[in-house]
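If you want the building blocks of each chain, they are given just below.
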Amino acid sequence: MIKMSPAFAHLADEFERILLYVDKPNTAHIKELEKHTANSEFMFDVAPLSQAVNAIKDSQPAPLLVACDSEEHAIALTDKYELLEQQVYWLTADTSALRDNQPIPGHKFVDWRASGVLAMMLSLLRQQSSINQDKVYVEHKLNLLSDCLGDLSLTLNAKGEIKDINPELLSMLGTKGLSAIGQHWLSSLHIPSSTAKKRMQHILSDLGLTHSMTRLPPFPIQLDKTVLMVDGFVGPLPDNETLLILRQVAQWQSQEWVAQLSEQSTPVTLLLINPDEFAQLNRTHGRDVGDQVLKEVMQCISVVLRGNDFASRYSGAVFAAHLPETNEKQGQILATRMLQTLRSASFTSKKLKLEFSLGLASLDSEEQLGEQSPLELFRRANAALQAARSIGGGKLVSWQPQFDANILANLDRMSGKFSQAPNDDFRLMNLQWDIIRLIGSTHSLQAFSTQVCQLLAGGLQSKFAGLYTQQGDALSRLASSTAIADIEVKRIHQWVNRNVRSTSSGTRLAQPITELSDFHCTIIPLETRDQCLGFLVVCWSPQGKDNAQKCAEQLEQVTPNLAAAIDRIMLLEQDQNRRSVAGNEPSPEHELLFESAAMRTLMQQVQLVAPTDASVLIIGESGTGKEVIAQQLHNHSLHPDKPFITVDCSTIVEHLIESELFGHRKGAFTGATTEQPGKIAQADGGTLFLDEVGELPLDIQSKLLRFVQEKTFVAVGDQRIRKVDVRLVLATNRNLPDEVAQGRFRADLYYRINVFTLNLPTLNDRGDDPLLLCRHFLRKFSQQYNKDILDFSAAAIDKLNAYTWPGNVRELRNCMMRAVILCAGDYVEAEHLILQEQGDDVSLKSSASSPAQMPALLSAGTKPDRVKLERVSALLTQAIAIACQQNQLFSISGWLEKQWLNQCVVKWGSLYQVALQLEQSESTIRRRYAKLNKQDFAHLDLAELTLQCSRVFTEILEHKPHSASWPAIESSLQQLVLQQDLSQQHKAKLLDVTQPTLRKIIQQIQTAV
């Protein structure tokens, strides 16, 4: 086998080296073969035959050259290594026994000892290898050419009728493609834009005059349910025919296209400005004078521009003015004023007069949708600038489609005259373009800052980018972004806070960070309205010093606009903070805020599955936002206007679950006085969200399985089978495969609902999202409680960043509410943030940290509080006496806690609200509630006590604080049990604790006394 074949290109250096596969190396046969080629242009590389077999499985079939002892040995090796389907040339040690007929079909046995046979065979193999390599090379070049020019093509006759369509475009057109031949191209390729249609018609009509290949600007094509954005080339063919080669650059669903148009409803214009004969000015007056002229030209340009416009200078003597929300006509008016200002100006103390060439180009809203938008705008403006130069300079020229008639000039993106550093210019251009699109896209300072940092980290190829704002004498990190995960962000933050300070000395371009030897850093102040808002910090690797200096110069050109944008957003947020929005509770959808890669990946999955009817299983910890994601699935579904019905399976009493889901007829059971539709019927046409589906009893799971399979159900007390059209979304915080293995969840139901799974990341796995959400809720609750809180202090941010948020978004929201209530100044301080200690195992029982102290929690309350507690103690005394009379003790603590949680659910409606009101972890509440509901306390002697206990608990829950009530009740029970004349084992049984825990309770009470 020749080593440079496609199958083994990684093993060879030259064509003359031949791979010889053997079963056993270093035999006399191998040495003879090597000696046979010693004086030839070939040389063997011996390799194990097993190595060839593994490589062949993953590559194109290619001939193998194999040494063996005999034909029988070859047959054995063929069976051992499964070579029957391969093309093999066998070199046997015993050539005298070779037969005319081949013993293995398709294999060749070579009489290599015959004169010249081996050399001829190796030459043929080399030739075949060369042909294979040429074929691969040609295919690769064709693929590259297809990527550059496009893989969609059609041919038009002189009348504009379609004469031929290639298979790729025909497939995209679908049914329209079958009847497209002979039709006018505009009737088959529907362009949903009058502007783009007119532009294409002008280009094709001009083609008859220019007879040259012309570049096509991006334009949309409407298909059945999608819109394609394409660009490409058009050129003439013989017989007045025309060839269009198109390349797809973007694709949207039709409704997405409309949404994109509404988002990009404003045009954008780019104006390029170049002093004529500037090289001559440098030669005549010197480089220093030339540099001063460029500075003064920038000042003149800045005077004419508006507040949202960008002005910058590229590495040559070419200036750019980015004009957002400006169409071509508006741009021409501003450019004419610009030309008049520049002509009338005198530069430097020498009072030099200059002429200027200006090139202007615009993109409308549709043309901005492709990924190549900034390059396309830059290309057009550059073409217009070259046109202005070509007619002698001193003119303003707007881009016209006929500028693209000569494709050879346009293939050079800089036209060879623009700059000595085109890559730097294009990087700056893309950076400015992206920042322009960010400004105005959001009114959230956190979101804007995060996007800017991500943009700088990616666009400038830096290791770290961070935005810091000034808060008194300290700096607060707004946002940061890193290129790789192992960057020590905390160390950079600490250095910035120790070493960076605002000064009145103007621009501050930092030296390398000496304490951080891993980086070369640039620090640029964000200054506007004669004040420093903060700093932009960008770090590169030590090898990127030259790149850092270039990027710093570029950043200095965009930071004034960046600072102005941040200033506007801060002023807007401060104004919004002054407005009271109490009572305007936003929907969960409005609180779906994120910037992390984990959530972006999740939302991409949501967008993929939402427009389908597939069942979705959402898995995530408590508080991660499963219901919010379910709402997103419904909002982006095929029927977002239909009902979205939520069922919390963990809060419904077990014997009512079936009626709640499937409904019931009148008289179906005691108390069913009217016919009641179930949640499934209410969700007909829309989405049914079953939260905590893992809590459903097994008998309900079997009925749910039938509904999932057939979309039919039978109401309680009814015989009729009803069919509904319902999209099913389910959520759980349990490990359902484990539940299936333990027999607590039906395997067939699990496999039926597990069509598409969304795994929600914990808040701790969401990068910088916690701080983003903290600032969101800070603003929200500041408005709600009429407070002018600006932000978190530096110490508070450090505390937030160090916390792991075990309760996820729900815990974060409550923490921010408490912090706003406690904060009386402009900034939330670290002491306002009441966070759990890391590693705490919070449970309902652990809230009673000191049993002896718990009655004191109510001691400061009113007299009815103490009276109710005494009534509870009296009831508990009776319950303990009943338990001691039983043949087998039962847990009084479990009975009491079950009554307490039942009344809490009755009062607040759901376990989520119970956890919120009691300030407990929802997962703990749910776990305890499920465990207690599995225990049977249906003792006849307890029936009356249960009713009395429920009444007392109902009265207690009418008074606040709710979070202090249960610890006091539990403490009372513990003291009563410890007073009983029982063994330690029996006391532990009554309290439902282990004996070591009982000893700790005793010690706490004794210590308190």
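Residues numbered from 1 in each chain as written. Predicted model: local features only at pLDDT ≥ 70, side-chain atom pairs only at ≥ 80, totals over all residues. Heavy atoms only, no water.

1. A few points about the overall build of the protein
Here comes step 1: Within the protein one finds 37 helices and 30 strands.
Here comes step 2: Taken across its 1009 residues, the protein has 50% of its residues classed as buried.
Here comes step 3: Long-range contacts, defined as pairs at least 24 residues apart, comprise 67% of the intrachain contacts of the protein with a sequence gap of at least 6.
Here comes step 4: Carbon together with sulfur atoms contributes 49% to the accessible area of the protein, which is approximately 48,400 Å² in total. (Helix = DSSP H or I, 4+ residues; strand = E, 2+ residues; numbered from the N terminus. Buried < 20%, exposed > 50% of the residue type's maximum accessible area, 1.4 Å probe, protein only. Contact = heavy atoms within 4.5 Å. Areas by Shrake-Rupley, 256 points an atom, 1.4 Å probe, with all protein chains shown as cover.)

2. Here's the deal with the environment of I892
Here comes step 1: One can find I892 in helix α31 (residues 892-908).
Here comes step 2: When its relative accessible area of 0% is taken as the criterion, I892 is described as buried.
Here comes step 3: Beyond its immediate sequence surroundings of up to four residues, I892 is in contact with L876, A879, I880, A883, L973 and L990.

3. Topic: the pairing of strand β21 (residues 644-648)
Here comes step 1: Burial analysis of β21 places four of its five residues in the buried class, the great majority of the element.
Here comes step 2: With five bridges joining them, β21 and strand β24 (residues 687-691) adopt parallel strand pairing. Pairing of V647 across the sheet is with L690, part of β24. (Pairing = 2+ DSSP bridges.)

4. Looking at the nonpolar core
Here comes step 1: Counting residues in hydrophobic clusters, the biggest one holds 46 residues, and the most contacted among them are I892, W895, L896, W900 and I969.
Here comes step 2: Of all the elements in the fold, those that place two or more residues in this core are α30 (863-885), α31, α32 (911-918), α33 (922-933), α34 (943-956), α35 (965-978), α36 (984-991) and α37 (995-1008). (Core = buried A, V, L, I, M, F, W, Y, C linked by side-chain atoms within 4.5 Å.)

5. As for the packing of aromatic side chains
Here comes step 1: Applying the stated criterion across every chain yields a total of 10 aromatic pairs.
Here comes step 2: Relative to F781, the ring of F777 has its centre 6.1 Å away and its plane inclined at 20°; by these criteria the two rings are stacked. Taken together, the residues F777 and F781, both in helix α26 (residues 769-784) and four residues apart, mark about one turn of the helix. Just as F777 is buried, F781 falls in that class too.
Here comes step 3: Of the aromatic side chains, those joined through ring pairs into one cluster are F777, F781 and Y785. (Phe/Tyr/Trp six-rings, centres within 6.5 Å; stacked < 30°, edge-to-face > 60°.)

6. A short note on the environment of L246
Here comes step 1: The topology assignment puts L246 in strand β10 (residues 241-253).
Here comes step 2: Each C-alpha atom, one on L246 and one on F233, is 6.6 Å from the other, the two residues being 13 residues apart in sequence.

7. Observations concerning the sheet that holds β24
Here comes step 1: The sheet built from five strands is open, its strands ordered β21-β24-β27-β20-β28 with parallel pairing. Because the sheet does not close on itself, it has two edges, and the strands there are β21 and β28 (756-759). For this sheet, the mean inter-axis angle between neighbouring strands, taken without regard to orientation, is 20°.
Here comes step 2: Along the sheet face, helix α19 (residues 597-609) touches β20 (616-619), β27 (727-732) and β28 and points at about 155° away from the line of β28. (Axes fitted to C-alpha atoms, helices over the stretch in contact; angles between N-to-C directions.)

8. Let's talk about α32
Here comes step 1: If you check which residues of α32 are buried, you get L911, V914, A915 and L918. Across the axial projection of α32, the buried residues extend over an arc of 95°, all falling on one side.
Here comes step 2: Contact partners of the buried residues in α32: α31 and α33.
Here comes step 3: After α32 finishes, the residue E919 shows a positive phi value of roughly 55°. (Arc of directions from axis to C-beta.)

9. Brief notes about the confidence of the model for the protein
Here comes step 1: Mean pLDDT over the protein: 77, with 79% of residues reaching 70 or higher.
Here comes step 2: The secondary-structure element of the protein with the lowest mean pLDDT is helix α14 (residues 407-411), recorded at 37, while β20 shows the highest, at 93.
Here comes step 3: For residues 144-148, every residue scores under 50 in pLDDT, and the model assigns this stretch four contacts once sequence neighbours within four places are set aside.
Here comes step 4: Scored below 50 in pLDDT, residues 838-864 makes 54 contacts in the model with residues more than four places away or belonging to other chains. (pLDDT = per-residue confidence, 0-100.)

10. A closer look at the packing of α19 against helix α20 (residues 626-635)
Here comes step 1: The contact between α19 and α20 brings their axes to 9 Å, and the two run at 40°. By the criterion of interaxial angle, the relationship of α19 to α20 is oblique. Remark: the crossing between α19 and α20 carries right-handed chirality. Mapping the contact onto sequence places L602, M603, V606 and V609 in α19 and I629, Q632 and L633 in α20.
Here comes step 2: Class assignment for the residues of the contact of α19 with α20 results in six nonpolar, one polar and no charged. (Parallel < 35°, antiparallel > 145°, perpendicular 65-115°, else oblique. Left-handed = near helix turned anticlockwise from the far one by under 90°. Nonpolar A, V, L, I, M, F, W, Y, C, P; charged D, E, K, R; others polar.)

11. Observations regarding the pairing of strand β8 (residues 214-222)
Here comes step 1: Summarising burial for β8: nine of the nine residues are buried, a large majority.
Here comes step 2: The pairing of β8 with strand β9 (residues 226-237) spans seven bridges and is classified as antiparallel. Looking at β9, one finds that L216 is bridged to G232.

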